[in-house]
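# Architecture at a glance
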Amino acid sequence: MNAMMTRRRFLSIAGLTSLSLGSVATLAACKDQQPGTASATQAAASPAPAGATHAAASPAPAATGSMPGMAMASATSGPQEGAPIPAHQVYDARPPQAGPETTKKLVLTTRNDTAIAIDKEVGYYGWSFNGTIPGPILRVRQGDTVETTITNKGTMGHSIDFHAAQTPWSKNYQIILPGDSFSFSWTANHAGVFMYHCGTPPVLEHIANGMYGAIIVDPPQPMRPAREYVIVQSEFYPTAGTGMRKLDLAAANAGNPRYVVFNGYANQYQETPLTAKAGELIRLYVVNAGPTLWSAFHVIGALFESVYPSGSLDSPLHWLQTWSIAPGDGAIFELTIPDPGTYPFVTHSFAYTGRGAIGLIKVE
Ligand SMILES: [Cu+2]
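The shown structure was predicted, so the numbers you read here are calculated from the model rather than taken from an experiment.

## Regarding the overall build of the protein chain
From N to C terminus, the protein chain includes six helices and 20 strands. Excluding contacts between residues fewer than 6 apart, the proportion of contacts in the protein chain whose partners are at least 24 apart in sequence is 78%.

## Focus: the sheet that holds strand β14 (residues 295-299)
The five strands lie next to each other as β12-β20-β19-β14-β17, forming an open sheet whose pairing is mixed. Of all strands in the sheet, those bounded by a partner on one side alone are β12 (274-276) and β17 (322-325). With direction set aside, neighbouring strand axes in the sheet form an average angle of 20°. Inspection of the sheet shows strand β19 (residues 341-347) paired to strand β20 (residues 358-363) by six bridges, in the antiparallel sense. Across the sheet, residue F345 finds its bridge partner in β20, namely G359.

## Digging into the nonpolar core
Grouped together as the largest cluster of nonpolar side chains are 91 residues, with contacts concentrated most on I118, A214, I215, V261, V286 and F333. Composition of this core by domain shows at least three residues from each of domain 1 (7-53 + 80-218) and domain 2 (227-363).

## Notes on the environment of S312
Checked against the element boundaries, S312 lands in the loop between β15 (304-309) and β16 (317-320). S312 sits 122 residues away from H190 along the chain, and the two C-alpha atoms are 7.9 Å apart.

## Points about the sheet that holds β15
In sheet architecture, strand pairing relies on hydrogen bonds along the backbone and comes in two forms, parallel and antiparallel. As summarised here, the arrangement of the six strands in space is β11-β9-β13-β18-β15-β16, forming an open sheet in which the pairing is mixed. Edge positions in the sheet fall to β11 (259-262) and β16, since each of these pairs with one other strand and no more. Averaged over all pairs of adjacent strands, the angle between strand axes in this sheet comes to 25°, irrespective of strand direction. Alignment of strand β13 (residues 281-290) against strand β18 (residues 329-336), held across eight bridges, turns out to be antiparallel. Counterpart to I282 in the pairing with β18 is L335.

## What to know about the pairing of β19
As paired strands, β14 and β19 are joined by three bridges and run antiparallel to one another. By the bridge assignment, H298 is partnered in β19 with V346.

## Re the confidence of the model for the protein chain
Residues with a pLDDT of 70 or more make up 79% of the protein chain, whose mean pLDDT is 84. Per-residue pLDDT stays below 50 along residues 1-31; that stretch engages in 58 contacts with residues further than four places along the chain or on separate chains. Scored below 50 in pLDDT, residues 34-76 shows 123 contacts in the model against residues more than four places distant or in partner chains.

## Digging into the environment of D339
Positionally, D339 belongs in the loop between β18 and β19. The class of D339 is exposed, set by 10 C-beta atoms lying within 10 Å.

## A short note on the pairing of strand β2 (residues 122-129)
Counting buried positions along β2 yields eight of eight residues, so the element is predominantly enclosed. Bridging between strand β1 (residues 103-117) and β2 involves six bridges; their strand directions are antiparallel. Bridging across to β2, T114 finds its partner in G126. Linkage of β1 to β2, two consecutive antiparallel strands, is achieved through a turn of four residues. With three bridges connecting them, β2 and strand β10 (residues 243-245) associate as parallel partners. Looking at the pairing, Y124 lines up with R245 of β10.

## Remarks on the environment of I175
Assignment of secondary structure puts I175 in the loop between α2 (169-172) and β6 (181-187). For I175, a count of 24 C-beta atoms within 10 Å gives the class buried. When the C-alpha atoms of I175 and I160 are compared, they prove to be 8.3 Å apart, with 15 residues separating the residues in sequence.

## Observations concerning unusual backbone geometry
Here the bond from I133 into P134 is cis, since omega is 0°, no more than 30 degrees from zero. At the junction of P201 and P202, the peptide bond is cis and its omega measures out at -10° in the coordinates. The phi angle at S310 is positive, at roughly 60°, despite the residue not being glycine. When you line up the elements, S310 lands in the loop between β15 and β16.

Rules and cut-offs
Residues numbered from 1 in each chain as written. Predicted model: local features only at pLDDT ≥ 70, side-chain atom pairs only at ≥ 80, totals over all residues. Helix = DSSP H or I, 4+ residues; strand = E, 2+ residues; numbered from the N terminus. Contact = placed C-beta atoms within 7 Å. Pairing = 2+ DSSP bridges. Axes fitted to C-alpha atoms, helices over the stretch in contact; angles between N-to-C directions. Core = buried A, V, L, I, M, F, W, Y, C linked by C-beta atoms within 7 Å. Buried ≥ 20, exposed ≤ 12 C-beta atoms within 10 Å, placed from the backbone. Domains from an automatic or database assignment. pLDDT = per-residue confidence, 0-100.

So this is what it looks like as C-alpha cells:
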C-alpha cells in the first residue's frame, strides 16, 4: 500500500483543509439525515444556496493507532441485530435542477449510523453520505467549478470518489479521519450521469454498506424537456433473519446479495410507482452502484428511443431493448410510452430481479 497516503501526509492535508473551510460561506442544501430516522428522503442536493449547516470543521482527533480508514467493517460490534426496523420513506427519484451559478458548493457528510429499512421485515445498519442510502442526488452543469466539502461524522475513515471528476486520487480521494473535514475543487468537464462513492479500503464494504450516489452533469445546451428520474441500482448483503441486520461479509465477497434494489429499498416503486403521461418523453438517469453485479436495465413493454452509454452524451444509440450497466457505471435512457398502462423496470438478470429490483412506471 505504498501509494496510500501516510498519516503524516494526511494530517498535513487535513490541516490545510481546516484553514480553507473558513471560506466556505454558503453550502449546498444537502440535508444531513440524523441517525435513527428513516432512510430515504432525498437529501436534495441541488447546489442551492440555502441551508448552510456544515461549515464548521471539527478538530482532528488525537492520532491513535494506525489508519482508521483501513479498519475492517464493524460488522461484529455496535447496534444489535434483530432490533425493530425504522419506517421507510420512499426515496424521491426526481432529480433537483442545477442552479445558474458557475461555482457549485457540495457538502457531504459521511456517517456510520444510518439505520434503514430494506423491505418491510429487514433493516440494515448502513453507512452513508448525508444519512440516506443512496446519498443525495447531486446536479451541476458542464464547466462548473464544484467546490466539495466532505465532513466525516463517522467512526472510521471515509473518502469520496466522483466518477464525474478528473482530479488526482492521490490528493483528493484520500482518507478523511473521523471528525475531520476536507475540501477540494474540481471542474465538471463532461456531461452525463455518474456514480460517486466512498473509496476507502476495503471499498467492497464501504459500497456494500451504502456509501454511494448519483451526480448528473448537465450539458451546456440543456437536453430536451423530459420527465426525469434517477435510479441507483445496488446490492445489500444483510445477514440472515429479520429486523435490523449487518453486513454479511462472506456473502458480499461471494457476490451473493439478499437484495438487489433501486434507490435503496426493495420494490419501492411498485407500491409508489414513478409516473408519466402517455407520449411524454421520459429520461432515466441510471447508476449501477454495485458493488459487484451488473445491471441489465430494461423497461417491460417499452423500447429505449435513446441510450447514452456510460452517461456520455456524445454517442447515443437508438431503439435498444436492454442495456448493460457495469458496476460503477451509469447510463441515460430516453423513452416515450405511447399508451397508458403500467410498465415495470427491472434488471433483466433474473436471478436478481426477484430480490427487489422491480419498479413500475405508471403512464396515464
Ligand atoms: Cu466509507
